[in-house]
Amino acid sequence: MSDKNISKKIKIEDVTSLPLELESQQKASKEKIGSVTEGKLTLYDRQKRNVERFHELLRKKMTRQLASSMVACVHCGMCAESCHYCLSRPDDPQMTPVYKADQIRRIFKKHIDWTGRVFPKWVKAGSPVTDEDLNHLKNIVFGTCSACRRCTFNCPMGVDTALLIRFARGILTDLGIVPEGVFNVSRDQWETGNQMAVTEEDYLETLDWMKEELQEELDNPDIDIPIDTEDCDFMYTINPREIKFDPRSISHAAKIFHFADEKWTMPKWGWDQTNFGLFSGDDKLGAYVAKNVYEAAERLRAKRIVISECGHGYRSTRWEGYNWAEYDQNIPAESVILTLMRYIQNGRIKVNPAKNSEPVTFHDSCNIARSGGLLEEPRWVLNKVCSDYREMSPNRRENFCCAGGGGLLSMAEYKPLRMEVAKIKADQLKATGAKLVCTICHNCVDGLTDLIKHYDLDMKVVQVLELVSHALVV
Amino acid sequence: MSDILYFLENKVQIVALSFLLFVYILRIFWLFRFKSRKEQSYSEGNATACIAHSMLNVAMPWAMESIRKKPFFYIQFILFHMGVIFAIAATFIIPYGPQLFNIQAVVWIFQFIVGMAFIVGMFRLYRRFANPSIRLISSRDDYFSLILMIFYFGVAFLAIPNNYHRSEWPLILFFALTAFFLIYVPFSKIGHYLYYPFTRFFLGRTMGHRGVYAKRKKCRYPEGL
Amino acid sequence: MPELEIKGKKIDLNEDGFLQNPEEWDDEVAKALAKAEEGIENMSEDHWAVVNYIREYYLDKNLAPMVRKVCKNSGFTLKYIFELFPSGPAKGACKVAGLPKPDGCV
Ligand code: SF4
Ligand code: SF4
């Protein structure tokens, strides 16, 4: 049965009442996996006073940034205009960013703010009472928001709703009250250092395989994907999805680097630039994964870290990771888009836009545009390698989320709602009239592919590396 | 002028104002008690420029899509907050510079603005009740603050001509309300303007640091990189 | 919960279209999944080669094989695998082979 038939109009109660799934947690507990015994990954335990611990964590993790966003909201409702959940479900009052944020704000008001502690009813302050309430909160912060930050940019008061959502997620992660998918991915990243539990053997063999294919394709036995080479111009880091499911992007990159005559390497360890800590709100995991990358670059004395096409990976590795890990940046880090731009600018590679003649549009990933600052660079590259580029509207900082952000792709239970609210994005895509939609995020690739299928659009998702590699003149 | 009005216009007003300032200072200290995170990555933008940009957001109706889509809300916002400024100005003009309200045109301007704010307030109240999304998030404080403001604008409208020899009660009510306000505000949503610089500063700093706005041509690496 | 109906028998799928209970898989289920999820009207011999390999690997090791193993084993190029299964090996081939949803951002 296809997706089209499964999601008519979803009742929001069906989403917010989804139970806490514990199968994987029980398995992890039985197997006594390292990350659990070492206390990195928390399992849900109904015996522990979870509500009280929630309040303690709320207090402990509070920062000035968060506190100001907690107190500044005036309940004006302007943010409702910007959220793809609201715009796709205008009749559902529980979709507004402010409603979602209020679910955590009310607890802040009740326990930390002033008026709410004395007159809770007056300011709608309140507190979870049972673990069931926490589960309800889990469904709201994980299931009804993709943390895209669009509302943040549209709030007259400058309230960072997406930051509040991530904060709530982080506390719930510390209590083990998370969707099963979030638990699984966190477990894998703690256990294996990468999101998809790719073993070192699989990693190395896949790279080797890509190398062989490339050597064959170009009929050149000298082409290499260097591993752990020291003193290179840059260290290339990737998304494990590229190893596990679609290594074509690695071969595109290797091909371009080869023609640019680049001195590059991939690390044996610390190659995963993605970071599930961004989605789960777990700064500890965020710190661990980011540090792996930074330390690998230091170990190899690489002059630069290059991050492959990935939205949350770019945001985590380039920006947030240093703060999570409390690590002063000492080596430049950049998206591969910048690397490509330099190659084209300096004439290190030659490209012919006529080779990509199909109409192509660009989807800005939330984490790269709104939260990452790469706005013009991808467009610059696309205009060099495509002959029919069409802008999407709205775009850049105002682009809509692919609807699969915030880790939602790993949480199947929320998919029907995700597909319903992807309508905004589908309409936006359709209006461009393009045949290809290009994005620089693997997460968006899957999010967009899902919605293209769901809404039966005549489109294909591509990435910049693929287009550049295709446009190469050798 | 009766003693009670004199007392309200001067002593009570000053005491209430001092109280407000005192609570605000406490409140700012309270906010500063929470730790702030510093950025440890290299910047790609101009954080200072972006903070300025972010702070000026109120004056840039084109900067946000939500406002571009609903320009009427911006007009409302301006009228409502102008009403607040003019009403507060009146609370100082009446005791300390009443000559100004001898000029009929000034009185009309003040009355016009406060009157418009009154109408906007009514509209906002209607919206708060009628729009299910807004109703769901509204607290008693939201309703009460808004009704209070509407009432305040109404009273200010009547008090501004400053005709205490004809009838004193609008003035008494106006100054009594002002005093109540000054004490209530720091504990309610009306004090939001105190937080605006904070949220805007943080947002501006983060976005400026990352070059989401005010991007530098070249990432500024430390010397030698 | 979405379902798949095959000859009167109902099979539960998860929200992503993966089998809820991987044990329920058989050739008929595979065909129905291929049609519904991947738009494959007729499973060719090559389709079956990929699907059967993934299935066996899964039953043996309880996890999905790396795409490299699939290619090496079937002798197909990566490009050809994507032609066979437009959603790619993870969301396409593994789904048809009746594997549960893989973890991670896919
Ligand atoms: S736009 Fe900002 S202030 Fe207004 S309700 Fe939304 S979060 Fe609150
Ligand atoms: S972050 Fe995005 S999805 Fe979440 S509430 Fe804001 S606009 Fe909606």
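Now for a look at the structure at hand. (Residues numbered from 1 in each chain as written. Chains lettered and ligands numbered in written order. Predicted model: local features only at pLDDT ≥ 70, side-chain atom pairs only at ≥ 80, totals over all residues. Heavy atoms only, no water.)

**Notes on the overall build of chain C**
Consideration 1: When you go through chain C residue by residue, the secondary structure sums to five helices and two strands.
Consideration 2: Reading chain C from its N terminus to its C terminus gives the helix and strand order β-β-α-α-α-α-α.
Consideration 3: Taking 13 Å as the expected radius of gyration for a compact globule of 106 residues, we find that chain C reaches 13 Å, a close match to that expectation.
Consideration 4: Reported as C-alpha extents along the three principal axes, the dimensions of chain C are approximately 35 × 30 × 25 Å.
Consideration 5: Across the 106 residues that make up chain C, the buried fraction comes to 57%. (Helix = DSSP H or I, 4+ residues; strand = E, 2+ residues; numbered from the N terminus. Rg over C-alpha atoms; globule rule 2.2 N^0.38 Å. Buried < 20%, exposed > 50% of the residue type's maximum accessible area, 1.4 Å probe, protein only.)

**Notes on the sheet that holds strand S6 (residues 360-363) of chain A**
Whenever strands of a sheet pair, they do so through backbone hydrogen bonds, lying parallel or antiparallel.
Residue and element names in this part refer to chain A.
Consideration 1: One open sheet accounts for four strands, arranged S7-S6-S8-S9; its pairing is parallel. The open sheet is flanked by strand S7 (389-390) and strand S9 (460-463), the only strands paired with a single partner.
Consideration 2: Strand direction decides the pairing type here: S6 and S7, joined by two bridges, are parallel. Following the sheet pairing, threonine 361 is matched in S7 by arginine 390.
Consideration 3: Where helix H25 (residues 464-471) meets the sheet, it contacts S6, strand S8 (436-439) and S9, and its direction lies at approximately 75° from that of S9. (Pairing = 2+ DSSP bridges. Contact = heavy atoms within 4.5 Å. Axes fitted to C-alpha atoms, helices over the stretch in contact; angles between N-to-C directions.)

**Some remarks on the site of ligand 2**
Residues and elements named next belong to chain A.
Consideration 1: Around ligand 2, a shell composed of 13 residues is seen, among which Cys83, Cys145, Cys148, Arg149 and Cys151 lie nearest.
Consideration 2: Elements supplying a minimum of two residues to the shell around ligand 2: helix H7 (84-88), helix H8 (97-111) and helix H11 (150-153).
Consideration 3: The residue inventory of the shell around ligand 2, partitioned by class, reads eight nonpolar, two polar and three charged. (Near = heavy atom within 4 Å. Nonpolar A, V, L, I, M, F, W, Y, C, P; charged D, E, K, R; others polar.)

**Some remarks on the pairing of S9(A)**
All names here are of chain A.
Consideration 1: Pairing of S8 with S9 involves four bridges; the strand directions are parallel. Within S9, the position partnered with cysteine 438 by the bridge is valine 462.
Consideration 2: In this fold, the crossover linking S8 to S9 by way of helix H24 (residues 442-454) has right-handed handedness. (Right-handed = clockwise from strand over helix to strand, strands pointing away.)

**Topic: helix H2 (residues 47-55) of chain B**
Residue and element names in this part refer to chain B.
Consideration 1: Taken together, the buried positions of H2 are occupied by Cys50, Ile51 and Ser54. Seen from one end, H2 has its buried residues packed into an arc of 105°, which puts them on one side.
Consideration 2: Buried residues belonging to H2 abut helix H9 (196-210).
Consideration 3: Measuring from the side-chain oxygen of the N-cap residue of H2 to the backbone nitrogen of threonine 48 gives 3.1 Å; that N-cap residue is asparagine 46. (Arc of directions from axis to C-beta. Polar contact = N/O pair within 3.5 Å; in protein donor to acceptor, adjacent residues only side chain to side chain.)

**Regarding the interface of chain C and chain A**
Consideration 1: If you look at the interface, chain C gives 29 residues, while chain A gives 38 residues.
Consideration 2: When chain C packs against chain A, close to 2,900 Å² is buried across both sides, 58% of that on carbon and sulfur atoms.
Consideration 3: For the pair chain C and chain A, the number of links is six salt bridges.
Consideration 4: One salt bridge connects Glu37(C) with Lys453(A), and the closest N-O pair in it is separated by 3.4 Å.
Consideration 5: The tally of links between chain C and chain A comes to eight residue pairs in polar contact (both at pLDDT 80 or more).
Consideration 6: Counting only elements with at least two residues in the side of chain C that touches chain A, the list comes to strand S1 (3-6), helix H1 (27-38), helix H3 (67-74), helix H4 (78-84) and helix H5 (88-96) of chain C.
Consideration 7: If you tally residues by element for the side of chain C that touches chain A, the top one is H3(C), at five residues.
Consideration 8: When its residues are assigned to classes, the side of chain C that touches chain A shows 14 nonpolar, three polar and 12 charged. (Buried area = accessible area lost by both parts, 1.4 Å probe. Salt bridge = Lys/Arg side-chain N within 4 Å of Asp/Glu carboxyl O.)

**Focus: the site of ligand 1**
Consideration 1: Around ligand 1, a shell composed of Cys73(A), Val74(A), His75(A), Cys76(A), Gly77(A), Met78(A), Cys79(A), Val98(A), Cys155(A), Pro156(A), Met157(A) and Val159(A) is seen.
Consideration 2: For the shell around ligand 1, a count of residues per class yields 10 nonpolar, two polar and no charged.

**A closer look at the packing of aromatic side chains**
Consideration 1: Counted by the stated rule, this structure contains 34 aromatic pairs over all chains.
Consideration 2: Consider the rings of Phe180(B) and Tyr184(B), whose centres lie 5.7 Å apart with planes at 5°: the pair is stacked. Pair noted here: Phe180(B) and Tyr184(B) are both in helix H8 (residues 169-184), with a separation of four residues, about one helical turn.
Consideration 3: For Tyr184(B), a relative accessible area of 13% puts it in the buried group.
Consideration 4: Among the aromatic residues, those joined into a ring-pair cluster are Phe234(A), Tyr236(A), Phe257(A), Trp264(A) and Tyr343(A).
Consideration 5: Here the guanidinium or amino end of Arg33(B) rests over the ring plane of Phe34(B), the centre of that ring lying 6.0 Å away. (Phe/Tyr/Trp six-rings, centres within 6.5 Å; stacked < 30°, edge-to-face > 60°. Lys NZ or Arg CZ within 6 Å of the ring centre and 35° of its normal.)

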